[in-house]
Amino acid sequence: MPNSRMTVVDASYHLESQIGPHLDWPMFWAFDSGGHDAPTPSEITDHVVGRAHVLSSLRRTPRHVAGGVDYPHWVVDDTPLEDHIEHHHGEARSGMSWTEFLDALGGLTATALPRHRAWRLHVFHAVRDVPSAQGPSTVVVLNTSHALMAGPALPPVSAALFGADDMPLDLPGVGPAARRWSAAGRAAAGVLGIPAALLRWWSHLGSAPHDDAESPPARALSRFNLDPAAGGRSRAIRILTLPLSGLGPPGTTVTTAVLTAISEAMRRYLVEFDGSCPPDPTAVVTVALHDLPEEVGVNRLGPARVMLSPNVEDLDERARLIQAELAAGRRDVNSPGYAAKMQTTNLMPAVLYSAAAAEVLDRSVSLYNSGHALGHTVLTSIDCRGSERARLCGRELALFGMTPPLPRDIGLVHGVVGTARGLTLTVHSTPEAVADPDRYLELLRESIDLMGAGSGVRT
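A quick note: this is a predicted structure, and the numbers were derived from the prediction, not measured.

Attention shifts here to the pattern of salt bridges. Applying the stated criterion to the full structure yields 17 salt bridges. A salt bridge links Asp 274 to Arg 223, with the shortest nitrogen-to-oxygen separation between them at 2.7 Å. Of the two residues, Asp 274 is situated in helix 6 (residues 254–274) and Arg 223 in the loop between strand 8 (219–220) and strand 9 (236–242); the sequence distance between them amounts to 51 residues. Judged by its relative accessible area of 40%, Asp 274 is partly exposed. For Arg 223, a relative accessible area of 23% corresponds to the partly exposed category. Three or more residues joined by partner-sharing salt bridges are found here, namely Arg 5, Asp 70 and Arg 186.

Have a look at this one:
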């Protein structure tokens, strides 16, 4: 059973979701029925159940160890697949509008998965006015624990659920699930293992290479930052669809172009609502660390901190500065020092975890109370080219997207999914950070248009 234990890096996401703002996150697909009848709930359920042979890696549930003497374990979940599916219908006979769906998605993101659930599939029927769709659409939302899946899982999960081949779903970093579970036995084993775990920990601390990386500089607080000690919050979701090309000056990546547009939208929103913009807004860009061994876990991720340079008026020049910052941030989290830091985290004994997590929270609260933050927004960008071939009961894919979870201290995050057909940009926020999400989306669209127009200078 030892291999069924979550790594400390993965367990931290799960445990955080039990004690504070949760870190579960949704991915979603919209399938266009065009002028044809939409698939029925029973047809969709049959489709998912018919894919059971490729979804075996999802058949698991997290189990906690009494007293916190060990980290949670994965245990086989034998409940029928159909019990993981929930169908939603609008109150009107004609289904639900796109706005109603976004409100429902916001409600899902505000609610943590049950303690013993790793994922749940939500199906929204007859959704009208879905971007890129010709008629009413069926929208499928997979809400998942961050301990089970991170952003790089999107392409294989899409293929497993809606692809044509029968390759079993592989989730790199996820260990095996135990067939049997004894709560008393696991707690006893955890207690007996404490001395050895502490010895490994202290031995590693004495021999681990020193991380010479400087701590990220504190930035001025903005309205996009949240009090880390505050409780649960409501959420708002807004979505833009974008072309793959023409987003920025030649030589810039999609991520850079989107970051530049975000920087301008944030600047304009802050000036409009607060009268000014801090000089140093910073985005935390999620970087997949593919060179780390799978033993690290699912969440082989690092934060690249990117200064958004809002005071640089020429947007082409700003994009070049952002791209250089992003490259430097990626080098930092791909360094041996950062890899050693993750290895150290994965050796932390479970009996020390609560105290360590409380210390991290105290530092975040102190930083907030001092008027500072380490970042103002988050961006996760996933290349999902090939996923445009997804089908649900013969219906074609119109939209594919995701949204990262909201961390404790930031109330505005962005997610980008790219396929061969274009990009889906999702904005996830709280009312405390973004009081008018529609206005922010309008400013973001205008900033993207300004980037694409190649005008160079902001208005």
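This part takes up the confidence of the model for the chain. Per-residue confidence for the chain gives a mean pLDDT of 92; residues scoring 70 or more make up 95%. Throughout residues 455–459 the model reports pLDDT below 50, and contacts reaching past four residues in sequence, or to other chains, amount to 21 contacts.

Our focus in this paragraph is helix 5 (residues 183–207). Taking 1.5 Å of rise per residue, the 25 residues of helix 5 would be expected to cover 36 Å, and the 35 Å separating its terminal C-alpha atoms lies within 8% of that figure. Maximal helix bending in helix 5 amounts to about 45°, located at Gly 193; proline Pro 195 follows within four positions. Of the positions making up helix 5, those classed as buried are Arg 186, Ala 187, Gly 190, Ala 197, Trp 201 and His 204. Of the surrounding secondary structure, the elements contacted by the buried residues of helix 5 are strand 3 (73–76), helix 8 (336–346) and helix 9 (350–369).

Here Arg 300 shows up in the loop between strand 10 (282–288) and strand 11 (301–307). Buried charge without a partner: Arg 300 forms no salt bridge, and the closest opposite charge is Glu 294, 5.2 Å away. Of the polar contacts made by the side chain of Arg 300, one reaches the backbone oxygen of Leu 292; its length is 3.4 Å. Reaching out from Arg 300, the side chain makes a polar contact with the backbone oxygen of Gly 297 at a distance of 3.0 Å. Leaving out residues up to four positions away in the same chain, Arg 300 has contacts with Pro 172, Gly 173, Val 287, Ala 288, Leu 289, His 290, Leu 292, Pro 293, Glu 294 and Met 342.

Conventions adopted
- Residues numbered from 1 in each chain as written.
- Predicted model: local features only at pLDDT ≥ 70, side-chain atom pairs only at ≥ 80, totals over all residues.
- Heavy atoms only, no water.
- Salt bridge = Lys/Arg side-chain N within 4 Å of Asp/Glu carboxyl O.
- Helix = DSSP H or I, 4+ residues; strand = E, 2+ residues; numbered from the N terminus.
- Buried < 20%, exposed > 50% of the residue type's maximum accessible area, 1.4 Å probe, protein only.
- pLDDT = per-residue confidence, 0-100.
- Contact = heavy atoms within 4.5 Å.
- Expected span 1.5 Å × (residues − 1).
- Bend = angle between axes of the 7 residues up to and from the residue.
- Lys, Arg positive; Asp, Glu negative; His and termini not counted.
- Polar contact = N/O pair within 3.5 Å; in protein donor to acceptor, adjacent residues only side chain to side chain.

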